[in-house]
Amino acid sequence: MSTALRDDPRVDPRLVAAVEPFGLADPLPPSALDASAPLEVIRSVLGKLEAGSAPMIATATHGLAPVEGVERSVEVVTGGDGHEITLHVHRPADADRPAPGVLHLHGGGGVMMAAVDPNYVRWRDELAALGLVVVGVEFRNGAGRLGAHPFPAGLDDCADALAWVDARRDVLGIDRLVVSGDSGGANLAIATALRAKREGVLDRIDGVHAMCPYISGTYAAPPEDLRSLVDNDGILVSVALMGAMAKAYTPDPADSCNPLAWPYHATAEDLSGLPPHVISVNELDPLRDEGLAHYRHLLAAGVPARARTVNGTFHAAETGHFAAIPDVARSTLADVAAFARSL
């Protein structure tokens, strides 16, 4: 059994206090769900897990004052297969000149959570308060209340949203565009760039900022070179459960090494020519090492890239526990904004 979070000398004690009421300061019990379970069972359990996570998600922004100076609007666009995609636009209320834009993709492993969740609404508000125009995409998930739509449905929605935003840069007041997300949203951010390259529309993206990327799909049998999948297993996130989530996202085994589904498997040829990237990882995250490995893959392929490790934090701490560590979260927000302005 892994060390209790409360006893881990690496962790920010504010995060221990934030998750203790939910029993997450102690080691997670062995997951009752893994990739060997039938797909319908996995989808059912993930739906219950998503619903059950609502109280903890609510604490992410509890007690925070509203973000001032931000205007919100909603756009509904038609996807390539005729279904509707809801986009949440956040912009500075006093914008009088073009600003960097962010196409924001929420986390949840591509199988849970939503752009309307309060932690992601707050994240977009905070980015807009820093002078960015942010468009959050309500893409289809592989399970949960926005499922069951496995890969490539969510990626299709992100590609359609990218096309819509790019065609309306003047209307939105955007002079450059970053695709950004955390966890499963980071997967989609990287994959959206890979797909744009394949489709010859890479000029739609000026940069990618990926936080705690969930990109290997190797959770059912963690490889030796991704040690954090073992060393940090059970710190807020169960690797066995991620294996089940990966099956819900890509139920077809043929997609297990498809770089559009799992960008960790992208070749140098796939990566070559991509726009600048930032890969941001959390020190105590099981996913830490696959993010850093992808950063190295980008450099080897000649892509301008940098990496940052947010010490003392577990998976998606900045978006999931904003109220507990606002200084840490705002440091990452500032990094997104600085990266966008640098392009």
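Presented here is an overview of the structure given in this document.

Criteria and thresholds
- Within any chain, residue numbers begin from 1 and follow the written order of that chain's sequence.
- Thresholds applied to this predicted model are a pLDDT of at least 70 for local features of residues and 80 or more for the giving and counting of side-chain atom pairs; totals over whole chains, interfaces and linings are not thresholded and use all residues.
- As a rule here, side-chain values cover all heavy atoms of the structure and leave hydrogens and water aside.
- Strands are runs of DSSP state E lasting at least 2 residues, helices are runs of H or I lasting at least 4, and numbering of each runs from the N terminus.
- Multiplying 1.5 Å by the helix residue count minus one yields the expected span of that helix.
- Between any two strands, pairing holds if DSSP finds at least two bridges.
- Helix axes are fitted only over the stretch in contact, all axes being lines through C-alpha atoms; the angle between N-to-C directions runs from 0 to 180 degrees.
- We call two residues in contact when some of their heavy atoms are within 4.5 Å.
- Salt-bridge detection follows one rule: a side-chain nitrogen of Lys or Arg within 4 Å of a carboxyl oxygen of Asp or Glu.
- Residue exposure (1.4 Å probe, protein chains only): buried if accessible area is under 20% of the type maximum, exposed if over 50%, otherwise partly exposed.

1. Things to note about helix α7 (residues 184-198)
Right, so step 1: Relative to the 21 Å expected for 15 residues at 1.5 Å per residue, α7 spans 21 Å between its end C-alpha atoms, a close match to the ideal helical length.
Right, so step 2: Looking at the residues trailing α7, positive phi occurs at Gly-200, about 75°.

2. Focus: the sheet that holds strand β6 (residues 207-211)
Right, so step 1: Within the open sheet, the 8 strands sit side by side as β1-β2-β4-β3-β5-β6-β7-β8. Their pairing is mixed. For this open sheet the edge positions go to β1 (70-78) and β8 (305-310), each flanked by a neighbour on one side alone. Going across the sheet, the axis of each strand differs from the next one's by a mean of 20°, ignoring polarity.
Right, so step 2: Inspection of the sheet shows strand β7 (residues 277-282) paired to β8 by 6 bridges, in the parallel sense. Each residue of the ladder has a partner; that of Val-281, found in β8, is Thr-309.
Right, so step 3: Its contacts with the sheet put α7 on β3 (99-105), β5 (174-182), β6 and β7, and the angle it makes with β5 is roughly 135°.
Right, so step 4: Most of the contacts of helix α13 (residues 326-342) go to β8, to which it runs at about 170°, and overall it touches β3, β5, β6, β7 and β8.

3. Quick look at the pattern of salt bridges
Right, so step 1: Per the stated rule, a full pass over the model turns up 24 salt bridges.
Right, so step 2: Arg-176 is the partner of Asp-175 in a salt bridge, and the nearest nitrogen-oxygen pair spans 2.9 Å.
Right, so step 3: Residue Arg-176 is classed as buried on the basis of its relative accessible area of 19%.
Right, so step 4: In this structure, the salt-bridge partner of Arg-308 is Asp-335, at a minimum N-O distance of 3.8 Å. Of this pair, Arg-308 sits in strand β8 while Asp-335 sits in helix α13, and the two are 27 residues apart along the sequence.
Right, so step 5: Through salt bridges with shared partners, one network takes in Arg-6, Glu-20 and Asp-26.

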